[in-house]
Structure formats: C-alpha cells, structure tokens
Amino acid sequence: MSLDVNEIREDFDILKEPMNGKPLVYLDSAATALKPKVVLDRMAHYNTKASANVHRGVYQISNEATQMYEGARKTVADFLGAASEREIVFTKGATSALNLVAMSYGLHNLKPGDEILTTELEHHSSFLPWQNVAKVTGAVLKFVPLTEEGRVTVENVEAAVTPRTKVVALNHVSNVMGFITPIKEICEVAHRVGAVVVVDAAQSAPHMKIDVQALGCDFLAITGHKIYGPTGIGALYGRFDLLNAMAPVEFGGEMIDVVDLAGSTFKDAPFRFEAGTPPIAGAIGLAAAMDYLTGFGWDAVRQHELALRDYAISQLSQVEGLQIFNPKTDTGILSFNLDMVHPHDMATVYDANGICVRAGHHCAQLLMRFLKQPATLRATFSIYNTQADVDALVRATIEGKETFDVF
Ligand code: C6P
C-alpha cells in the first residue's frame, strides 16, 4: 500500500497556513515534525475531560488520567518492541533520556581507564553527556573512525573495541547524513567485551520500525516531537535488569518507596526516574502520534520518503555548484550546500519562498569539522511531503544561486 499524501495533508492544518504569502513547504521534520489533528485532539481530551494528576488521586478522573498515561507507556513499549512497559521511562525528549543514562549508569559504573566509544557522527545530545562522564570519572573517550563517506561500520567498531570498553554510544540514524548505523551487529561486538550500547534513535524512530530486542541494544532514546507528537516528551528504553539497578538522578514526588529522616528508598524502574508530575498530556499525545504513524505501515512510509529522496537528489544534482554531502543517504535526510554561498543566505531565499529547511551545524559540530563545512543546508522528506515540495525547493535553490552567484 502506498501513502495517500493528499489525505495525510488534511490531518495537518498548518499546511494550509501560508508563510511569507507562499504555500507552506515544510522540509524540516528532522528538527521537529508537524503534529496531526489526532494528536492535538487526544491531548485536548485529557486536558478538557480528565485533567487530573496521575498515580495520586483516588477519584474517577484521576484514575482515568493514570490509565491514559500508563496506556501511553504500553504504546511506547510496543512501538519499540520492548519486552515490558517497565522498560520505558518517560523523559522530556531524547536529550534528557541520553543524559539520564550518562548521569545514572555512566557516572556510577565507570572508573579511570574505562573506555567510552562514540563517533564524530553524533548529535551533541549523544556526545556531550559522555564527554562529561569521561571528565568526571576519568574514563577515556574514544572515537570510531568514520569511513570517507562518514559512516560507522561494524569493522571499525570491532577494531576500536577493547576489553576496557564499557559503553558504546552512537546514533541509529545521523541527523545530518541520514545514514543507518548497523546497530544490531555493533551490539554483538560490544557485548562480547561486556560493554553496554546506548542508541540515540531520535532520527530513526519516525522513519522505520525499531525493535529493541532484535537490535539487542541496552538503552535507546527517542523524542516525541520528531514522531509527529508534542514537544516536551520523549522516552528512554532500558533493559529492565540494568534500569532497575540504576540510581535515580532526580528526586521528588512519586518516585519514592519510603521516606525517612535516616534515609529513603525508591520505587522500581521506571517510576524511580519520573520524579514530580510527569508530562501527562505529552505522553498521551505521543501515544496518539505513534498509533497514527504505525497505522500507515512502515513499508509505505519508507517507500514514500525514499522516493522523494531519490527525486530530490536527481533534481538537485542538476543545479550547478550544488554539493550534496550524503548522496547515498539511507533516509529522507539530505544535506547540501551551494558553492561559495553561506547556508544562512540560502535559507533566507527559501524562507521568502515559504520553504522551511534547516541551515546550521545541526548540533553536530564534530561532523561539520569532518565535512570541512561551518554549516550545511538540510531538507528532510516526510509523510506529508510531495514531489511539488521538492520542485519548490529546487526552484528556490536556482533562485538563490542566481541571487548570490559570486562569479
Ligand atoms: N535534532 C535537528 O534539527 P531533543 O532536542 O531532545 O528532542 O532531540 C535531540 C536530538 C538527539 N539526537 C539526534 C540524532 C537529534 O537529531 C536530535 C535533535 C534536531 O537535527 C534539533 S538539533
């Protein structure tokens, strides 16, 4: 089955709103995806019909709220193929999920001389928490060399892993290159030396089926707003034995077992990691978004996005002086620059044409250094994008080239 994009576009009111007097062409879903009506409706339902706190009240609407919130946890567990919803911690997003692993597992389990393996392909949210763990614990941060193209390979991980490797932290899909990392095989290599694998799946979760058990990873982070859900919600998957042995990093309401002057005890995972009132509407919205997305079928989603990718590459390649940094991208994420034109200048032309793309270092400065670029343009293709969107992008690119042509 292929996607009915016209029907999908009806679910996103924002696509009817012009930008700078032009029809909106939204090609920045890797930064944040648009939110369909069903997500807003389910959040509104909670806020208008059952707006009570969870796990606390003994009255009807509080029970309803708890059921919706815990139901959302089950939806996330199913979405990720987790063995149990006890392996799902709700967080603010991928950043806080990755920080949680580093600050709890990392700071408590690593010691001087231990090795953390990561890559220059990482988003800052996947790299900086481990740089901090290395600084605090005396562990050594090591980098898997990327291929010339910028990929992480199993062979290079295998060559970099040592008996001292305790953590392997890397993304499933790069937010700049769109490459898929061979996580399953890397997990096998890492587990041979007893290391845990922490996967940043912020950019894979919106585009492909994730099965944490099949991947064999120990931790995996996702963020709701890239999966057509709301901002302020994400999730950490953690293998239950690991998660339940980890110390909380935030302390407060509802994460406790017994509180006493002499000391306190805490609930089992995942609740010990959810101190205070959680983002209830966010969790409910995230579950709605996951139901919405999986309803299309992963094959149809992937086929649609890859067809747009192929069309965009074929069209953009004809623009003289345009360099695509990832012509073999595995997803709908495309990074490019026009010779001698700063991406922010180009972004102003796109903006004037109603086109949203991202220009900048994409929170991946290590990778910008690898690419020898201060910044790039990035367009991402998603379920609501069309060939007409690609055509608009190409037209504006040619206009930008003519506007800024320095030769
Ligand atoms: N990348 C982008 O434009 P948060 O901000 O916590 O929702 O997600 C952080 C994050 C983590 N890992 C990867 C691979 C990401 O791409 C992101 C967010 C956005 O590429 C904003 S910088």
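Residues numbered from 1 in each chain as written. Predicted model: local features only at pLDDT ≥ 70, side-chain atom pairs only at ≥ 80, totals over all residues. Heavy atoms only, no water.

**Observations regarding the site of the ligand**
The full set close to the ligand counts 17 residues, and Thr95, Asp200, Thr223, His225 and Arg358 are the nearest of them. Side-chain polar atom of threonine 223 to an oxygen atom of the ligand: 2.6 Å apart, as the coordinates give it. Relative to its unbound accessible area of 520 Å², the ligand is 87% covered by the protein chains. A breakdown of the residues in the shell around the ligand according to their chemical character gives five nonpolar, eight polar and four charged. (Near = heavy atom within 4 Å. Polar contact = N/O pair within 3.5 Å; in protein donor to acceptor, adjacent residues only side chain to side chain. Areas by Shrake-Rupley, 256 points an atom, 1.4 Å probe, with all protein chains shown as cover. Nonpolar A, V, L, I, M, F, W, Y, C, P; charged D, E, K, R; others polar.)

**Topic: the sheet that holds strand S5 (residues 165–171)**
Taken together, the seven strands give an open sheet; going across it, the order is S2-S8-S7-S6-S5-S3-S4, and neighbouring strands pair in mixed fashion. Either end of the sheet is taken by a strand with one partner, and the two such strands are strand S2 (88–91) and strand S4 (140–143). Sheet twist, expressed as the average angle between the axes of neighbouring strands with direction ignored, equals 20°. Looking at chain direction, S5 and strand S6 (residues 196–200) are connected through five bridges and run parallel. Paired with asparagine 171 across the strands is aspartate 200, a residue of S6. (Pairing = 2+ DSSP bridges. Helix = DSSP H or I, 4+ residues; strand = E, 2+ residues; numbered from the N terminus. Axes fitted to C-alpha atoms, helices over the stretch in contact; angles between N-to-C directions.)

**Focus: the packing of helix H3 (residues 60–80) against helix H10 (residues 280–294)**
Any two packed helices are characterised by how steeply their axes cross, that is the angle between the axes, and by the distance between the axes. At a minimum axis distance of 8 Å, the contact between H3 and H10 shows a crossing angle of 40°. Considering their axes alone, H3 and H10 lie oblique with respect to each other. Handedness of the H3/H10 crossing: left-handed. Along the contact surface, H3 presents Met68, Tyr69, Ala72, Thr75, Val76 and Phe79, while H10 presents Ile280, Ala283, Ile284, Leu286, Ala287, Met290, Asp291 and Thr294. (Parallel < 35°, antiparallel > 145°, perpendicular 65-115°, else oblique. Left-handed = near helix turned anticlockwise from the far one by under 90°. Contact = heavy atoms within 4.5 Å.)

**Remarks on unusual backbone geometry**
Residue proline 270 follows alanine 269 across a cis peptide bond; omega there is 5°. Counting through the fold element by element, proline 270 comes out in the loop between strand S10 (263–266) and H10. Despite not being glycine, asparagine 20 shows a phi value in the positive range, around 50°. Tracing the sequence through the fold places asparagine 20 in the loop between helix H1 (5–10) and strand S1 (25–26). In the Ramachandran plot, histidine 362 falls in the positive-phi region, its phi being about 60° despite a non-glycine side chain. Note on placement: histidine 362 falls in the loop between strand S14 (358–360) and helix H13 (365–371).

**Considerations on the domain arrangement of the protein chain**
Interface size is commonly expressed as the accessible area that is lost once the parts come together. What the domain assignment reports for the protein chain is domain 1 (40–294) and domain 2 (297–405). Summarising the inter-unit geometry, the C-alpha centres of domain 1 and domain 2 are found 29 Å apart. Taken together, the 33 residues of domain 1 in the interface contact 29 residues of domain 2. Summed over both partners, the interface of domain 1 with domain 2 buries about 2,500 Å², with 63% contributed by carbon and sulfur atoms. At the surface where domain 1 touches domain 2, the tally comes to one salt bridge. A salt bridge links aspartate 330 to arginine 151; its shortest N-O distance comes to 2.9 Å. Viewed at the interface, domain 2 and domain 1 are joined by 18 residue pairs in polar contact (both at pLDDT 80 or more). At the level of secondary structure, the elements contributing two or more residues to the side of domain 1 that touches domain 2 comprise helix H5 (124–137) and H10. The dominant element in the side of domain 1 that touches domain 2, judged by the number of residues it contributes, is H10, at three residues. (Domains from an automatic or database assignment. Buried area = accessible area lost by both parts, 1.4 Å probe. Salt bridge = Lys/Arg side-chain N within 4 Å of Asp/Glu carboxyl O.)

**Notes on the pattern of salt bridges**
Evaluated as defined, the whole model comprises 21 salt bridges. With a shortest N-O distance of 3.7 Å, glutamate 10 and lysine 16 are connected by a salt bridge. Residue class for glutamate 10 comes out partly exposed when judged on its relative accessible area of 45%. For aspartate 13, the salt bridge identified is with lysine 37, shortest N-O distance 3.8 Å. Taken together, the residues aspartate 13 in the loop between H1 and S1 and lysine 37 in helix H2 (residues 37–49) connect sequence positions 24 residues apart. In this structure lysine 37 comes out as partly exposed when scored by relative accessible area, which is 35%. Connected through salt bridges with shared partners, the residues Glu10, Asp13, Lys16 and Lys37 form a single ionic network. (Buried < 20%, exposed > 50% of the residue type's maximum accessible area, 1.4 Å probe, protein only.)

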